[in-house]
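# Structural characterization, general
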Amino acid sequence: MAANLVTELESTSGRRGNRSRWVTVVRTPVGAAAVIALGALLVLAVVAPILWSGQATRADTAQMLHGPSGDHWAGTDNLGRDILARVLVATRLSVELALLATLIMVVSGLLLGTLGVLFGRRVGRVTAAVINVAVAFPGLLLALFFAVIFGIGTKGAVLAIGLAGAPSFARLVQTLVSGVEQRDFVLAARVAGVNRFRILLRHVLPNVGEALIVNATIGAGSALLSFAGLSFLGLGVQPPDYDWGQLLGNGLTGIFEHPVAALAPGIAVVLAGLAFNFFGEAVAKAIGVTTTIGRIRVRVPKPAVAPDRSEADRPDGDTVLQVTDLRVSFPAAGGVVTPVRGVSFGMARGETVGVVGESGSGKSLTALAIAQLIERPAAVEAGRLEFLGTDLRGGGTAHRDLLGVHFSMVFQDPMTSMNPTHRVGGQLAEVARRHGGLSRKDANDRAVDRLDAVQIPDPRRRAHQYPHEFSGGMRQRAMIGMGLMGDPALIVADEPTTALDVTVQSRVLHLLEEIRREQNVALLLISHDISVVRQVCDRVLVMYAGQIVEDLPAADLHSAARHPYTRALIAVVPDMHTALNQPLAVIPGRAPDPTSYPAGCAFAPRCPLATAQCRTEAPPLETDAAGRRVACWNAEAPIEVIPESAEVLCE
Ligand SMILES: Nc1ncnc2c1ncn2[C@@H]1O[C@H](COP(=O)(O)OP(=O)(O)OP(=O)(O)O)[C@@H](O)[C@H]1O
């Protein structure tokens, strides 16, 4: 409760903080000047042609090339037209063209930069290579190149400047998008079966939008300057139309006799460029602290939600998941690394299976492979990979729908599991709408009901809040609620409590256990913490170096673990008898890197029982009469060896 309160206070102050940061920016001299200048520029662009176009086009042969006077503050041009009026009137065309070029830059940059999200990594890599080549050319050179291609004139210049800016904008989009793409809420949306286009629109772009807008604003300033440059060179706006660049070019011909004719449009270009740039910089500064990719702010997420499906829709039998010889590989410098090497296990309805092992043992990759969340260039292979009787190998929309409805995933960090830009209730409702075809109202009602089911107080009000308004434990419970929007047969929870404090941890675990019991859902709980797994699970899979080395009932962990690695994991858990004045025990040595697994048993270099056979021959995972599995040549070594080996292992 206290934790919730603190987080809520922090959240509220965070929101207030965001608002006050904006106010602070407007109050800074640069921020205020940028806002005023940009506002004035836009107003001028609208009103100047209405007020002064007559004066700007009226030729007066008696007043040709006059210097500044009371009637003509900036003098007159070679036809006797008022230069100041022309500069003011040219504001509209100059700004319009700059904005148009910026729009082309943004749209083409967005298209290029998001191809990877829409069409997969391979397309993304090709696009990135093309962008990298394009970015290597100076922008002005590209603009001149395109200007020649599209022809001299306004249209050609707009296209040239827009397309010349596209590669660097596309690179920015790619960088920002790739930072969001692998975040848990995006993975959750993928598990929920949300298609790529919708993931891009609803989850990815809202989280990078502000940074893109800021950069587009700065880009508009650059486009304005580039446009002036092209018009100045005679490649942009052509008479009788005129913009600042063209006025500048005209003024420069007589700069020694009549410098104001060149200065006036020159000053206009510089001031307008600065207004856009400073505005962009000021906004960037305002949102820089909070925005970035993980920023907590306005709208929110997409969860793994889905509507009910009757029991009859499910395949027969008690088996929820069957995994045989699962392997996950990645291309690496020296060839291929395989951090998951032949994992096999099954799960029955209502069963709770824990997966333990040191960091890097392949626990998360196993879960991600089951959830179909591993993409190329990584490769997932399996002898069998069946969820509710359906073969998941090869992917496909049907599998996505099946996973979206009956599979749910709870990630480690409740802060990143939900999309910070959407309301919690909306995120829960999304998959119900997608998979169940529920109306918005029904989906929202179900979301409230599910929030209630995971013990979120005042669920109707909470459904309207954003994730940053929830405490860590509440967010994690909401994430679990998201998984309950459908009719889950399997919940995979990857370190669901690691980021939470101890009291909240036990509430979340208790909730998962309650759901498992009441709804007969299978639970795959991944954890570093063998004592948590022992409390919650029926069965434990012990992973080491990408393989299952032992599979045994959780109740037997202390009394009947046979693999020296399992024994060591148990031995290093502190208990009531652990001396508080001694450093905590650790398993000596290091787990092998996936790039260099040793021959024989991967644990042999750290194992006190290792023999010559262990070092040369990998032990098979053998099943005993009781259904327990172990991969160790010395599994039958007397159990008394545990305290002894623990001592050795915990030196
Ligand atoms: N995209 C990747 N490319 C190459 N190697 C990877 C990639 N993702 C994970 N690995 C490697 O695979 C191994 C297993 O990773 P995994 O995340 O499954 O471990 P884990 O047991 O879940 O560890 P932790 O408990 O720290 O999350 C690690 O050595 C990791 O470095």
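Since this is a predicted model, take the numbers as computed values, not measurements.

### Points about the overall build of the protein
- On a plain count of helices and strands, the protein comes out with 23 helices and 13 strands.
- When each of the 651 residues of the protein is scored for burial, the buried share is 52%.
- Contacts spanning at least 24 positions in sequence make up 72% of the contacts within the protein whose residues lie at least 6 apart.

### Thoughts on the UniProt feature "transmembrane region" (unreviewed entry) in the protein
- As recorded in UniProt, the feature "transmembrane region" (unreviewed entry) lies at residues 25-52, 97-119, 126-150, 156-173, 212-235 and 255-279.
- Note that residues 156-173 is 100% helix and 0% strand, and that its end C-alpha atoms are spaced 25 Å apart.

### Points about the pairing of strand 3 (residues 352-356)
- For strand 3, the tally of buried residues reaches 5 of 5 residues, placing the bulk of the element in the interior.
- By the alternation rule, side chains of strand 3 split into Thr352, Gly354 and Val356 and Val353 and Val355, which are all buried.
- Bridge count between strand 3 and strand 9 (residues 522-527): 5 bridges; the pairing is parallel. Looking at strand 9, one finds that Val356 is bridged to Ser527.
- Inspection of the sheet shows strand 3 paired to strand 10 (residues 539-544) by 4 bridges, in the parallel sense. The residue of strand 10 that forms the bridge with Gly354 is Val540.

### Here we look at the sheet that holds strand 7 (residues 407-410)
- The 8 strands are arranged 7-8-9-3-10-11-13-12 in an open sheet whose pairing can be described as mixed. Every other strand in the sheet has two partners, leaving strand 7 and strand 12 (622-623) as the edge strands with one partner each.
- In this sheet, strand 13 (residues 629-630) lies alongside strand 12 in antiparallel orientation, the contact comprising 2 bridges. Note that in strand 13 the partner of Glu622 across the bridge is Val630.

### Here's the deal with the state of the cysteines
- Taken as a whole and assessed by the stated rule, the structure comprises 0 disulfides.
- Left unpaired, Cys607 is separated from the closest cysteine sulfur, that of Cys632, by 6.0 Å.

### Overview of empty space enclosed by the protein
- Tallied over the full model, the rule gives 3 cavities of 30 Å³ or more.
- In this model, the second largest cavity occupies a volume close to 50 Å³.
- Together, His563, Pro564, Cys601, Phe603, Ala604, Cys607, Cys614, Pro619, Cys632, Trp633 and Asn634 line the second largest cavity.

### Topic: the pattern of salt bridges
- Scanning the entire structure with this criterion turns up 19 salt bridges.
- Measuring nitrogen to oxygen at the nearest pair gives 2.8 Å for the salt bridge that ties Arg539 to Glu351. Placement of Arg539 in strand 10 and of Glu351 in the loop between strand 2 (335-348) and strand 3 is noted, with a sequence separation of 188 residues between them. When sorted by exposure, Arg539 lands in the same class as Glu351, which is buried.
- For Asp391, the salt bridge goes to Arg393, with nearest N and O atoms at 2.8 Å.
- Owing to a relative accessible area of 40%, Arg393 belongs among the partly exposed residues under this scheme.

### Concerning the environment of Ile548
- For Ile548, the location among the structural elements is in strand 11 (residues 547-553).
- Overall, Ile548 belongs to the buried group, its relative accessible area being 6%.
- Sequence separation between Ile548 and Gly357 is 191 residues; the distance between their C-alpha atoms is 9.3 Å.
- Sequence-distant contacts of Ile548, that is, excluding residues within four places in its chain, are made with Val343, Ser344, Phe345, Leu541, Val542, Met543, Leu621, Arg629 and Ala631.

### Remarks on a nonpolar patch on the surface
- A grouping of Val30, Leu263, Ile267, Val270, Leu271, Leu274 and Phe278 is seen on the molecular surface, where their side chains present a nonpolar patch of about 630 Å² in accessible area.
- It is helix 11 (residues 260-288) that contributes the most residues to the nonpolar patch, 6 residues altogether.

### Here we look at the pairing of strand 8 (residues 490-494)
- For strand 8, a buried count of 5 out of 5 residues is recorded, marking the element as mostly surrounded by other parts of the structure.
- In strand 8, alternate side chains face the same way, and those of Leu490, Val492 and Asp494 on one face and Ile491 and Ala493 on the other are all buried.
- Two strands pair when backbone bridges link them, and strand 7 and strand 8 are joined in this way by 4 bridges, in the parallel orientation. Across the sheet, Phe407 pairs through a bridge with Leu490, a residue of strand 8.

### Concerning helix 5 (residues 121-135)
- Taking 1.5 Å per residue as the helical rise, helix 5 with its 15 residues ought to reach 21 Å, and the 20 Å between its terminal C-alpha atoms agrees with that figure.
- Within helix 5 the residues assigned to the buried category are Gly124, Thr127 and Ile131. What you see down the axis of helix 5 is that its buried residues fit within an arc of 70°, all on one side. In helix 5, the exposed positions angled more than 90 degrees off the buried face are occupied by Arg122, Val126 and Val133.
- On the buried face of helix 5, the contacting elements are helix 3 (83-113), helix 4 (115-119) and helix 7 (154-181).

### Digging into the site of the ligand
- The immediate surroundings of the ligand are formed by 13 residues, with Ser359, Gly360, Lys363, Ser364 and Leu365 found nearest.
- A distance of 3.0 Å separates an oxygen atom of the ligand from a polar atom in the backbone of Ser361.
- Measuring from an oxygen atom of the ligand, one finds a backbone N or O atom of Gly362 at 3.0 Å.
- In the complex, the protein chains occlude 62% of the 640 Å² of accessible area that the ligand would expose alone.
- Looking at which element gives the most residues to the shell around the ligand, the answer is helix 12 (residues 363-370), with 3 residues.
- The residue makeup of the shell around the ligand, split by class, is 4 nonpolar, 6 polar and 3 charged.

### Brief notes about the packing of aromatic side chains
- Taken as a whole and assessed by the stated rule, the structure comprises 4 aromatic pairs.
- Relative to Phe603, the ring of Tyr544 has its centre 5.1 Å away and its plane inclined at 80°; by these criteria the two rings are edge-to-face. Here Phe603 lies in the loop between helix 21 (564-571) and helix 22 (612-616) and Tyr544 lies in strand 10, a separation of 59 residues in the sequence. Across this residue pair, the class does not change: Tyr544 and Phe603 are buried.
- Clustering of aromatic rings is evident, with ring pairs tying together Tyr544, Tyr565 and Phe603.
- Across from the ring centre of Tyr242, 4.0 Å away, lies the NZ or CZ of Arg86, which sits over that ring.
- Positioned above the aromatic ring of Tyr597 is the side chain of Arg341, whose terminal nitrogen or guanidinium carbon lies 3.7 Å from the ring centre.

### Digging into the nonpolar core
- One finds Leu321, Phe345, Phe387, Phe407, Met409, Leu490 and Leu524 to be the most contacted residues of the largest nonpolar core, which totals 103 residues.
- Setting aside residues no more than four positions away along its own chain, Leu524 makes contact with Phe345, Met347, Val353, Val355, Ile370, Leu490, Ile491, Val492 and Ala493.
- Within the second largest apolar cluster, 33 residues are counted, among which are Leu38, Ala56, Val158 and Ala275.

### Concerning a positive patch on the surface
- A cluster of like positive charges, contributed by Arg121, Arg122, Arg125 and Arg376, occupies part of the molecular surface.
- Examined against the element boundaries, Arg125 turns out to sit in helix 5.
- On the accessibility criterion, Arg125 (47% relative accessible area) is partly exposed.

Basis of the calculations
- Position labels on residues start from 1 in each chain and follow its written sequence.
- Two thresholds apply to this predicted model, a pLDDT of at least 70 for residue-level local features and 80 or more for giving and counting side-chain atom pairs, whereas whole-chain, interface and lining totals are computed over all residues.
- Excluded from the side-chain calculations are hydrogens and water; all other atoms, namely the structure's heavy atoms, are used.
- Numbering of helices and strands runs from the N terminus, with a helix taken as a DSSP run of H or I at least four residues long and a strand as a DSSP run of E at least two residues long.
- Under the scheme applied here, a residue whose accessible area is under 20% of the maximum for its type counts as buried, over 50% as exposed, and between as partly exposed, the area being computed with a 1.4 Å probe on protein chains only.
- The criterion used for residue contact is that any of the two residues' heavy atoms lie within 4.5 Å.
- UniProt positions are given in the numbering used here, feature names are shortened, and annotations may be inferred rather than shown by experiment.
- Pairs of strands are assigned from DSSP output, requiring at least two bridges between the strands.
- Working definition: a disulfide is two cysteine sulfur atoms within 2.5 Å of each other.
- Buried and open spaces are told apart on a 1 Å grid over the protein atoms alone, a cavity being a set of points where a 1.4 Å probe fits but cannot get out and a pocket being an open set with protein on both sides within 12 Å along at least five of seven lines. Residues with an atom within 4 Å of a point are the lining residues.
- Grid points are joined across faces, edges and corners, and a volume is the space filled by probe spheres set on the points.
- What counts as a salt bridge is simple: a side-chain nitrogen of Lys or Arg found within 4 Å of a carboxyl oxygen of Asp or Glu.
- Residues enter patches when their relative accessible area tops 30% and they take part in no salt bridge; the joining distance is 9 Å for like charges and 5 Å for the nonpolar side chains Val, Leu, Ile, Met, Phe, Trp and Tyr.
- Surface accessibility in these figures is a Shrake-Rupley result with a 1.4 Å probe; residues are shielded only by whichever protein chains are displayed.
- A helix is expected to reach a length of 1.5 Å times the quantity of its residues less one.
- In this description, one arc is meant: the one made by directions from the helix axis to the C-beta atoms.
- Working definition: residue near molecule or strand if any one of its non-hydrogen atoms lies within 4 Å of it.
- Polar contact is the term for a pair of N or O atoms within 3.5 Å; when the atoms are in protein, one must be able to donate a hydrogen and the other to accept it, and sequence-neighboring residues count only if both atoms are side-chain atoms.
- Ten residue types, Ala, Val, Leu, Ile, Met, Phe, Trp, Tyr, Cys and Pro, are classed as nonpolar, four, Asp, Glu, Lys and Arg, as charged, and the remainder, Gly among them, as polar.
- Any two rings among Phe, Tyr and Trp, with Trp reduced to its six-membered ring, count as a pair given centres within 6.5 Å; such a pair is stacked if its planes are under 30 degrees apart, edge-to-face if over 60, and tilted if neither.
- A ring is scored as having a charge over it whenever the NZ atom of a lysine or the CZ atom of an arginine sits within 6 Å of its centre and within 35 degrees of its normal.
- What makes a nonpolar core is a set of buried Ala, Val, Leu, Ile, Met, Phe, Trp, Tyr and Cys residues whose side-chain atoms join them at distances within 4.5 Å.
- None of His or the chain ends enter the tally, which takes Lys and Arg as positive and Asp and Glu as negative.
- One atom stands in for each charge, and that atom is NZ of Lys, CZ of Arg, CG of Asp or CD of Glu.

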